[in-house]
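Spelled out from the first residue to the last, the chains are:
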Amino acid sequence: MKNHEEVAKDVFAKISMYEQRTAHRKKIFHRITSTLSIIAISFCMIMTLSVGYAFAAGFGLITDFLGFFEKQSGTLLSENQQLYLEDSIAEIGKSVTREGVTVTMNAALTDGSIYYIYLDIEAPEDISLNKLNGHGLGFTRTLSSKNPNRHDISFASRGCIPIEDFDGKNNTISMLLRTNVGVPSDSLFSFADGYERTLTLENLFAYSDEYPYEQYIIATGPWCFNFFFTSDVQGTEGSVELLESPLDCCGKTNSGEYASISINSICMKNLGITFDYDFAQGIQEEAIDLGVVKIVMKDGSIINTIPSGAVIGKCSFVFSAPVIINDVECITINDDVVVYVNPNESDCP
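A brief look at the structure comes next. Here the structure is a predicted model, which means the values were calculated and not measured.

Our next topic: a nonpolar patch on the surface. A cluster of nonpolar side chains, namely Tyr-207, Tyr-211 and Tyr-213, defines an oily patch on the protein surface of about 390 Å² accessible area. Secondary-structure assignment places Tyr-211 in the loop between strand S7 (197-207) and strand S8 (215-219).

This is the structure we're talking about:
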């Protein structure tokens, strides 16, 4: 059996090989495109990137999500990632107008713990939503469910991500709503439970340019949408527990001190990953920052993670792009701790 250093060496050697192959492909592609016509370039890109959605869906919902994840991750999505989006995105296509502001709920995506909701927003022509991108543009919102059962959650982290819609209009913009919830190990909570949900948006707001950067309201709403998430995202390919036994690790507390912890569970899903841990005896319990967590794919490529929520004993990360668990080699924590992925393990709750 390989020791810790040998395992880490193998992982990072594979990453290095992937980076070299990627650089080589970029050089070849650059030489090819410098001699091709515009039509030939377009055809070559479609064939090379295996993106058939331009024909199947135009610049539709799949390409909207593809564009967001590819920009966030800085890399092209694989064919399996594209197929995941195609299977998992729920098309909504509902519009509501209040106070001259029209909000269209285009689509929703969830892995059970994390959801993305894709919106288009159109304001009166004298309001430039594009100029407000980067000024904290967002909504206050609630998401209610017709599920008669109530399951516990540990925390909920919410964000509004304005996105340029490239239609040339200053009064329109697209936006992704993202929410990530952490749940206790015995909770059955899931956004993908098959029950109808109601999204209520209120107070389209932004922040002033100058200190103290006060929030102001553009329109109050409400804008309400009834919809269903796609519910068939559970299963061995959609969630997996990575640990068979506790894993000793180190994290940083809010006070900046390093603390020894024992990770009891690493639950990976398609859009994010959650760590459950205990503190070593005698250590003051605080929320822990695990540092840099990376997802290393079998081809050597890397999907980065973004810290998304934390309470004492639990922390969660969202992925920069969807993760197909069967394509994952391992995860790394601070380029030191390596945990290999076995998709045959039991599902996460």
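Picking up after the structure, the text goes on.
With 13 residues, helix H4 (residues 61-73) should reach 18 Å at 1.5 Å per residue; the first-to-last C-alpha distance of 18 Å fits that figure. Within the span of H4, buried status applies to Ile-62, Thr-63, Phe-65, Leu-66, Phe-68, Phe-69 and Ser-73. Following H4 by one or two positions, Gly-74 has its phi on the positive side, about 75°.

What follows concerns helix H5 (residues 79-88). Taken together, the buried positions of H5 are occupied by Gln-81, Gln-82, Tyr-84, Leu-85 and Ser-88. In an axial view of H5, the angular spread of the buried residues amounts to 155°, which keeps them on one side of the axis.

So, about the packing of aromatic side chains. Enumeration over the complete set of coordinates arrives at 15 aromatic pairs. Between Phe-139 and Trp-223 the ring centres are 5.5 Å apart and the planes differ by 75°, which places this aromatic pair in the edge-to-face class. Here Phe-139, found in strand S4 (residues 138-145), pairs with Trp-223, found in strand S9 (residues 223-227); they are 84 residues apart in sequence, far enough to count as distant. By the burial criterion, Phe-139 is buried, and Trp-223 matches it. What links up through ring pairs into an aromatic cluster is the set Phe-65, Phe-68, Phe-69, Tyr-116 and Tyr-118.

Right, let's get into the environment of Tyr-84. Tracing the sequence through the fold places Tyr-84 in helix H5. If we skip the residues at most four places from it in the chain, Tyr-84 touches Leu-109, Thr-110, Asp-111, Asn-270, Leu-271, Pro-322 and Ile-324.

Inspection of the secondary structure assignment puts Tyr-116 in strand S3 (residues 114-122). C-alpha of Tyr-116 to C-alpha of Cys-160: the two residues are 44 residues apart in sequence and 9.7 Å apart in space. Not counting chain neighbours up to four residues away, the residues in contact with Tyr-116 comprise Phe-65, Phe-68, Phe-69, Gln-72, Ala-107, Ala-108, Leu-109, Leu-176, Leu-177, Arg-178, Leu-271 and Phe-319. Within the local environment of Tyr-116, its side chain forms a polar contact with the side chain of Arg-178, the two groups lying 3.5 Å apart.

The next point concerns the pattern of salt bridges. Across all of its chains, the model carries four salt bridges by this definition. A salt bridge links Glu-196 to Lys-146, with the nearest nitrogen and oxygen atoms 2.8 Å apart. Remark: Lys-146 occurs in the loop between S4 and strand S5 (155-163) and Glu-196 occurs in the loop between strand S6 (172-182) and S7; sequence separation between them is 50 residues. Judged by relative accessible area, which is 56%, Lys-146 ranks as exposed. A salt bridge links Asp-335 to Lys-294; its shortest N-O distance comes to 3.6 Å.

Cut-offs and rules
- Residues numbered from 1 in each chain as written.
- Predicted model: local features only at pLDDT ≥ 70, side-chain atom pairs only at ≥ 80, totals over all residues.
- Heavy atoms only, no water.
- Patch = residues over 30% accessible without salt bridge, like charges linked within 9 Å, V, L, I, M, F, W, Y side chains within 5 Å.
- Areas by Shrake-Rupley, 256 points an atom, 1.4 Å probe, with all protein chains shown as cover.
- Salt bridge = Lys/Arg side-chain N within 4 Å of Asp/Glu carboxyl O.
- Helix = DSSP H or I, 4+ residues; strand = E, 2+ residues; numbered from the N terminus.
- Expected span 1.5 Å × (residues − 1).
- Buried < 20%, exposed > 50% of the residue type's maximum accessible area, 1.4 Å probe, protein only.
- Arc of directions from axis to C-beta.
- Phe/Tyr/Trp six-rings, centres within 6.5 Å; stacked < 30°, edge-to-face > 60°.
- Contact = heavy atoms within 4.5 Å.
- Polar contact = N/O pair within 3.5 Å; in protein donor to acceptor, adjacent residues only side chain to side chain.

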